[in-house]
Every structure is written in structure tokens, then in C-alpha cells.
Amino acid sequence: MTDLGCSSESVTQISQSDLLFPEKLSFYANVPTLGEEASVVTGICTGDNKRFIFSEPEEGCVPLAKGAGSKPYSYGIDRFWIRWDEEALHYYKTDKKARFQNRTFYFREGIGMPMVKSKKVRAFYMKDKVFDQSVVGIFPHQSDRLDYLLAFLNSDAADRLIRTINPTANNSCNYLKRLPILPCSENNEHRIGDFARILRQEKISASERLSLEAEINAFFNRLYRF
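Residues numbered from 1 in each chain as written. Predicted model: local features only at pLDDT ≥ 70, side-chain atom pairs only at ≥ 80, totals over all residues. Heavy atoms only, no water.

*Asks:* Looking at this model, I keep getting lost on the nonpolar core. Mind explaining?
*Replies:* Side chains that are nonpolar tend, in soluble globular proteins, to be buried together. By size, the foremost hydrophobic cluster in this structure holds 42 residues, and its most contacted members are Leu 34, Ile 138, Phe 152, Leu 153, Leu 179 and Phe 220. Going through the elements one at a time, strand E3 (38-42), strand E8 (110-114), strand E11 (135-140), helix H4 (146-153), helix H5 (156-165), helix H6 (173-176), helix H7 (186-199) and helix H8 (206-223) are the ones with two or more residues in this core. If you tally residues by element for this core, the top one is H4, at 7 residues. Ignoring anything within four residues of it in the chain, the contact list for Leu 179 reads Pro 32, Thr 33, Leu 34, Phe 152, Leu 153, Ala 158, Leu 161, Ile 162 and Ile 165. If you look at the next biggest cluster of nonpolar residues, it comprises 24 residues, including Ile 44, Leu 64, Ala 88 and Phe 105. (Core = buried A, V, L, I, M, F, W, Y, C linked by side-chain atoms within 4.5 Å. Buried < 20%, exposed > 50% of the residue type's maximum accessible area, 1.4 Å probe, protein only. Helix = DSSP H or I, 4+ residues; strand = E, 2+ residues; numbered from the N terminus. Contact = heavy atoms within 4.5 Å.)

*Asks:* Would you explain the side chain of Asn 217 in this entry?
*Replies:* As for its position among the elements, Asn 217 is in helix H8. Leaving out residues up to four positions away in the same chain, Asn 217 has contacts with Asn 154, Ser 155 and Asp 156.

*Asks:* Mind showing me how you'd approach unusual backbone geometry here?
*Replies:* A negative phi angle is the norm for most residues apart from glycine, just as the trans form is the norm for most peptide bonds. Positive phi values are uncommon outside glycine, yet Tyr 73 reaches one of about 80 degrees. Since its relative accessible area comes to 2%, Tyr 73 is described here as buried. Positive phi is not limited to glycine here, since Phe 107 has a value of about 75 degrees. Relative to the helices and strands, Phe 107 resides in the loop between helix H3 (86-94) and E8.

*Asks:* What exactly am I supposed to notice about the packing of aromatic side chains here?
*Replies:* The geometry of an aromatic ring pair is captured by two quantities: the separation of the ring centres and the angle between the planes. One pass over the structure, following the stated rule, counts 17 aromatic pairs. Between Tyr 75 and Phe 124 the ring centres are 4.9 Å apart and the planes differ by 50 degrees, which places this aromatic pair in the tilted class. Taken as a pair, Tyr 75 in the loop between strand E6 (73-74) and strand E7 (81-83) and Phe 124 in strand E9 (residues 124-126) lie far apart in primary sequence, 49 residues in all. Here the aromatic rings of Phe 219 and Phe 220 are separated by 5.0 Å at their centres, their planes lie at 75 degrees, and the arrangement is edge-to-face. Judged by its relative accessible area of 1%, Phe 219 is buried. Using a relative accessible area of 1% as the deciding quantity, one classes Phe 220 as buried. By the ring-pair criterion, three or more aromatic residues cluster together here, those being Phe 52, Trp 84, Tyr 91, Tyr 92, Phe 100, Phe 105, Tyr 106, Phe 107, Phe 131 and Phe 139. Lying across the ring of Tyr 125, Arg 200 places its NZ or CZ 3.8 Å from the centre. (Phe/Tyr/Trp six-rings, centres within 6.5 Å; stacked < 30°, edge-to-face > 60°. Lys NZ or Arg CZ within 6 Å of the ring centre and 35° of its normal.)

*Asks:* For this particular structure, what's the right way to read the pairing of E8?
*Replies:* The side chains of a regular strand alternate between the sheet's two faces. Across the 5 residues of E8, 5 count as buried, placing the element largely inside the fold. Bridge count between E8 and E9: 3 bridges; the pairing is antiparallel. The residue bridging Ile 111 from the neighbouring strand is Tyr 125, located in E9. (Pairing = 2+ DSSP bridges.)

So, to be careful, I would describe these as geometric facts and stop short of saying anything about function.
Encoded structure:
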């Protein structure tokens, strides 16, 4: 484990737990979870999407993250817009069908994960957007860890853990909060974060993308002993 900057003395063999982890998987004792490392929250519910959400930009609208991004790491071009004028905001705050929840996180830099699972979990970088209830917003308490956590959430190891913790079709906040965030060296965290920053750029070659994703997967598979 020294190549990952982890202490082997802190490893504890844990049998099947209330999180339903595989019996033979080794975990760190008292390891922090995603819910301790970040705010994990659900986005807005307008109560009337036909009235307030559009597929083309209109006056008084702002970009909305809704559903999955176009590819891992990046949401891609904006595909949805939500009304953000005074009348709309009043409706979101007062209508019984709407939920103007976790509003302090709108437009902030963070990570989005679609609530509905696909074949492969895809997390994306998110900034200057509102996000709706189809997206779980993840906002690291330490902003310099954002790209490292983005890389982890797009890794095969995280995908396996998420499906083990919750085998159902949805990625709810409460399940994502339980993801273990194993420690590694500062150098490795920076290196993996740098890879994620490159991957969230749109203009990289397919071969470079595959190479970086393979390095990230290899790192987290070793760290999580898959």
C-alpha cells in the first residue's frame, strides 16, 4: 500500500456490514465518508416543469443541470434552462408542489451526479448552474479536493461501491453520503485531481481520455483493493 501513500497498519478486515460491502473487501477503520467530506444535496423541484423549464434559452432563464452529462467529467453544452425571474422565484418559494431546497448551493462550483443510474455512473463538473431534483449536487468542504473526488466518483471502484451500497435504480443523497473516502498521499491526490481537470475539458483526444481514465481506474482499484 506504500505506493498509494496509505498506512497498512490502519487496514481492518471487515465482514459483511450494514452497508452490504463484500465480505472480503478490506476497509480502513473509521474512514471518512463522502457525507463527511462534502455537502451532498438534492436540487430544485419547480412543481411545474412545462411552465418553468425550457430546452432553449429564453429571457429571464439561467442554465439548469438536469439528468446526466454528455460524458463523464463534463456536463457538456447546456441543454436546459430554468426561469429565474421574480415571478418564478416567488412560485418556487411558496407553491406547495415546488421545493426551493438547498438554494445556497445553486450556481456554486461542485459535482453533479444523476439521480437515476445508468450502466456506468457518470459524475460531472458543475458551475454557474442551477440543478434540479434529477441531480445530486456534491460540494466538497475543501474546494481543492473537488477534482480528486470527481475522479473517484467516475471510477470503476466508486461504481461498484455505489451499486453494492444501493443496488436499486436511484442514486439518492443518503446512499451517496455513505461512500467511503479512503486516504492516500497528497501527491497522489494532486496527480489524480490533475487528470480529472484534463478530463473535464471538452477538447482532448479519445486516446488521451482512455489513457487517463485507465490510470484513474487502476489507482482506485488498488486503493480500494478491487
